[in-house]
Amino acid sequence: MPTDAARIEAALAAGRTFEAVDLACAGRSGETAPGGGRSERAVSWLAATALLRSGAVAAAEAMVADLEQGERRPVSGPAGALRARLLEELWQATGRGADLDRALAVRLARARAGGGAEKTAAALLAKANGQGALAARLAAAARAAAAADQTDPDGLLDQLRLAFLEAVPGAAEAPLAALARLLERRPLERAMVRHALLGLEAYRVTVPEAAILAFPPPRLVIYCGARDPALAGEPAVAAAIRAALDAVEAEIVYGSAAAGADLLFAEAALDRGAEVNLVLPCGVAACRERLVVPAGDPWIDLFDRVTAAAASLVSVADDRDRVDGIVLGFGNRVIDGTARLRAEELGARPFLVAACDPLADTGPGGPADFIDHWGDPARLRLVDLDELGIPTAAGIAPETRAAGVEQRIAGLLFADVVGFARLDDALLPQFWRFMAAVAGHMREAAGQPSSQRSWGDALFITADNALATADYAMALAGAFAAVDARQFGLPQEMAIRIALHAGPVFAGRHPMTGEAMLYGGNVNRAARIEPITVPGQVYASAQFVAWLKAEESAAEAETRLAGGLYRPRYRCTYRGVVELAKRYGSQAVYEVATWRAEGPMAEASIDGTRLAMTLANDPAEHRRLAAAFADFLGRHGIDAAQLVPFEIAFDEVVTNICRYAWQDAGQHAIEVAAELDGDLVQVTFSDDGIAFDPLAGAAVGLDDDIEEREIGGLGIHLVRELMDELRYVRDEPCNRLILTKRLAPRASAHEEEP
């Protein structure tokens, strides 16, 4: 592949999406036509891929349309492979049939001369497009062309894809067993296979639950411990730490690297072959100097070995050379959120393993602080130093702040209106009227932040927590989308770029103006993210997203302990690594968006003896269904007392679907249809989630601990008791659960007379 294209491919593979965009644009600058030479075509397709992965879907679509119009050459070779991959990614991003048609056409052209992998890809797209006969022919050709290598994970995965696509009984057993054995101790590849199998649902291919269970998610562990150098002389502590990691079968770990339990955890994890990821509260040199060097040479040597062997090493605040309690506390939140983001990506649920005396450890940013914020006691494992007879020592204490210097953790928002600098002066009064309308919209949609500053069209907003900062950002983006700038005499729609960051900042008053101000490296870093944000979207630093994830996880745990089901508010999509201006180095950035779409789901429609409505995948929707069902029964003279069993059943069924039908926390629809035939009522729930028969499990053990019960067991038991018949059907691509109950006879007209 040409050098320019190879560099862009390498940047994309490493997640440096914005670098790939820059390289691709530079590589295309000399082109005369989209369908130019081989190098230009490859670079052009890579440029569109980079734009799509950065979140600029509209720009990617425009480039694809341009490239497709000018593409007159065969689809073989590197450029054709890039074209096929991009068109498939575009269909996955938009879900549009036209994009699927284009992706299939290119895959078919490549499959004619390609090997088994190309034919498999084409077969899956044909299946997704509803062309079953074509998919079957391609699958048969792919199977004939595939090599039967039982040590090749990619080849075995292709065999599995074909087996599930063709749905031949028993065809998946051998490759499934071989692949599961091969990847048993390779957690990342196991996770990739699991993700690939789950992704087959998008192609209308059903994968049995047993196949998904054959590739369990990696065992991900967060560790924290006492910052006590004296633990080096306590072999019982090192043994207990190793035993705790063994007990949870740690494969991927996240934590810090202070002298004491942190480094003992990291060492033990490396010894058991786990992937170690370090999240430091400050730069590596500062962490070594402040949290390790005072403990002596053995700890220094261990720190150097651990940091050299770590799979990843990031710092919460590179520009900090002091480590105080506020920095350590924020570091705990970022470790928590960073690990949870990775766990979410891998389909795992993390454990927290802490080594400390939880009653004696009250220092800022210590393990007790981590435990207090964890919120999930079922996934907490404690190495209790007091039970081991280890005396509590002061250890390495956090540094104290200088007198009179106020410091706090803040969510930071920078925003800038695109194209404002190019507006003619005569249009500025109209622009400010437009901004007044935006502000009016904001007052209805957002809470009050901690502080608000403005320089012309630029905004600097701060808040005390991540959720409040994200709420304000979404309200601001929504207000710009809702207000039409052309109605105020402006020549075009106005777009805004919004960037979010978080971290320790200093607070004070400006010595010249007396105005309140926030300052520090994190304020400057937030300002450097805003210029690279795609207009109309919200981008955030990895630190902010980790803090947001930690807050959402704590809220989820609290809601679950209270018996509820928490719906995450924000979806964070990794967009790559960008180089910031003015020597601020590189920064991993995410796109932040709300999970739930605006507006209610479809209201109930009653047509004679039939009721139909669409619910959101929110457990609270059972109340809306119950109200509509009561109206439906009331119209047919049915006593309201007969509604009670349905109300209970609706609660259980809707909650069960919300919990288990979908792998993500996004918005989905649950279709409900009720039919009344004499005294017989039949209610059908339909969802497009993963195939799951709630009736197939063993009977629920009512005496079992609630954490040990099978999925849906108790709810389905109640529904069975309340209904006369319960039936499940998998009607591709939907699950259908059908409830049937015979009502008590309705009173006749003369019986109702006095």
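Right, let's walk through the structure included here. (Residues numbered from 1 in each chain as written. Predicted model: local features only at pLDDT ≥ 70, side-chain atom pairs only at ≥ 80, totals over all residues. Heavy atoms only, no water.)

### A word on the packing of helix H17 (residues 325-346) against helix H22 (residues 542-561)
When two helices pack together, their arrangement is given by the angle between their axes and by how far apart the axes lie. The condition that has to hold: Axis definition: a line fit to C-alpha positions, over the contact stretch in the case of helices; interaxial angles, taken between N-to-C directions, run 0 to 180 degrees. Here a strand is any run of E in DSSP of at least two residues, a helix any run of H or I of at least four, and the numbering for each starts at the N terminus. Working rule for angles: under 35 degrees goes down as roughly parallel, over 145 as roughly antiparallel, 65 to 115 as roughly perpendicular, anything else as oblique. The criterion used for residue contact is that any of the two residues' heavy atoms lie within 4.5 Å. Residues are sorted three ways: Asp, Glu, Lys and Arg are charged, Ala, Val, Leu, Ile, Met, Phe, Trp, Tyr, Cys and Pro are nonpolar, and all the rest, Gly among them, are polar.
Where H17 meets H22, the axes come as close as 7 Å, and the angle between the chain directions of the two elements is 85 degrees. With respect to H22, the axis of H17 lies roughly perpendicular. Residues Phe330, Arg333, Val334, Asp336, Gly337, Thr338, Arg340, Leu341 and Glu344 of H17 form the contact with H22, whose participating residues are Gln543, Val545, Ala546, Trp547, Lys549, Ala550 and Ser553. Partitioned by chemical class, the residues of the contact of H17 with H22 number seven nonpolar, four polar and five charged.

### Regarding the environment of Leu722
For Leu722, the location among the structural elements is in helix H25 (residues 713-722). Distance from Leu722 to Lys741, taken between C-alpha atoms, is 8.3 Å for residues 19 residues apart in sequence. Each residue touching Leu722, except ones within four places of it in the same chain, is listed here: Pro645, Ile648, Ala649 and Lys741.

### Thoughts on helix H14 (residues 261-271)
The cut-off we apply is this: Exposure is judged per residue with a 1.4 Å probe applied to protein chains only, and the accessible area is read against the type maximum: over 50% gives exposed, under 20% gives buried, and values in between give partly exposed.
Across the 11 residues of H14, eight count as buried, placing the element largely inside the fold. For H14, the full list of buried residues reads Ala261, Asp262, Leu263, Leu264, Phe265, Ala266, Ala268 and Ala269. As for H14, its buried residues are in contact with strand E1 (220-225), helix H13 (235-247), strand E2 (252-255), strand E3 (275-280), helix H16 (297-309) and strand E5 (351-356).

### Describing unusual backbone geometry
A negative phi holds for most residues other than glycine; trans holds for most peptide bonds. With a phi angle near 65 degrees, Arg204 is a residue other than glycine that sits in the positive phi range. Along the chain, Arg204 falls in the loop between helix H11 (187-199) and helix H12 (209-213). Backbone geometry places Glu249, a non-glycine residue, at a positive phi of 55 degrees. Here Glu249 lies in the loop between H13 and E2. Exposure remark for Glu249: the relative accessible area of 47% places this residue in the partly exposed category.

### Quick notes on the sheet that holds strand E4 (residues 312-315)
What links the strands of a sheet is backbone hydrogen bonding, and the strands pair in either a parallel or an antiparallel sense. Note the cut-off: Two strands pair under a simple rule: DSSP has to find at least two bridges between them.
Read across the sheet, six strands follow the order E4-E3-E2-E1-E5-E6 without closing on themselves; strand pairing throughout is parallel. In the strand order of this sheet, the two ends are held by E4 and strand E6 (380-384), each with one partner. With strand direction ignored, the average angle separating the axes of adjacent strands in the sheet is 20 degrees. With five bridges joining them, E5 and E6 adopt parallel strand pairing. Bridge pairing in E6 links Cys356 to Asp384. Contacts between H13 and the sheet are confined to E1, E5 and E6, with E6 contributing the most and set at about 165 degrees to the helix.

### Quick word on the packing of aromatic side chains
Put simply, the test is: Two rings from Phe, Tyr or Trp (for Trp, the six-membered ring) form a pair when their centres are within 6.5 Å of each other. A pair whose planes differ by under 30 degrees is stacked, one over 60 is edge-to-face, and the rest are tilted.
Counted by the stated rule, this structure contains 17 aromatic pairs. On the basis of an interplanar angle of 50 degrees and a centroid distance of 4.8 Å, the ring pair of Phe420 and Phe431 is categorised as tilted. Linking Phe420 in the loop between strand E7 (406-417) and helix H19 (428-445) with Phe431 in helix H19, this pair joins segments that are 11 residues apart in sequence. Judged by centre distance (5.2 Å) and plane angle (85 degrees), the ring pair of Phe629 and Phe650 falls under edge-to-face.

### Re the sheet that holds strand E20 (residues 734-742)
Strand order in the open sheet made by the six strands is E15-E16-E17-E18-E20-E19, with antiparallel pairing throughout. Edge positions in the sheet fall to strand E15 (605-607) and strand E19 (725-731), since each has one partner strand and no second. For this sheet, the mean inter-axis angle between neighbouring strands, taken without regard to orientation, is 15 degrees. In this sheet, E20 lies alongside E19 in antiparallel orientation, the contact comprising seven bridges. Directly across from Arg727, in E20, lies its bridge partner Ile738. Each of E15, strand E16 (610-616), strand E17 (669-677) and strand E18 (680-687) touches helix H23 (residues 621-635); the most contacted strand, E16, lies at about 170 degrees to it. Along the sheet, helix H24 (residues 644-660) makes contact with E16, E17, E18 and E20, crossing E18 at roughly 15 degrees.

### A look at the pattern of salt bridges
For clarity, the threshold we go by: We count a salt bridge whenever a side-chain nitrogen from Lys or Arg sits within 4 Å of a carboxyl oxygen from Asp or Glu.
What the rule picks out here adds up to 30 salt bridges. The residue Arg342 makes a salt bridge to Glu275 at a minimum N-O spacing of 2.7 Å. Of this pair, Arg342 sits in helix H17 while Glu275 sits in strand E3; the two residues are 67 residues apart in sequence, bridging distant segments of the chain. Taken individually, Arg342 and Glu275 each receive the classification buried, so the pair is uniform in this respect. A salt bridge links Glu725 to Arg727; the nearest nitrogen and oxygen atoms lie 3.9 Å apart. Judged by its relative accessible area of 40%, Glu725 falls in the partly exposed class. The partly exposed category is assigned to Arg727, whose relative accessible area is 37%. What you see here is one network of salt bridges that share partners, running through Glu61, Arg96, Asp99 and Arg102.

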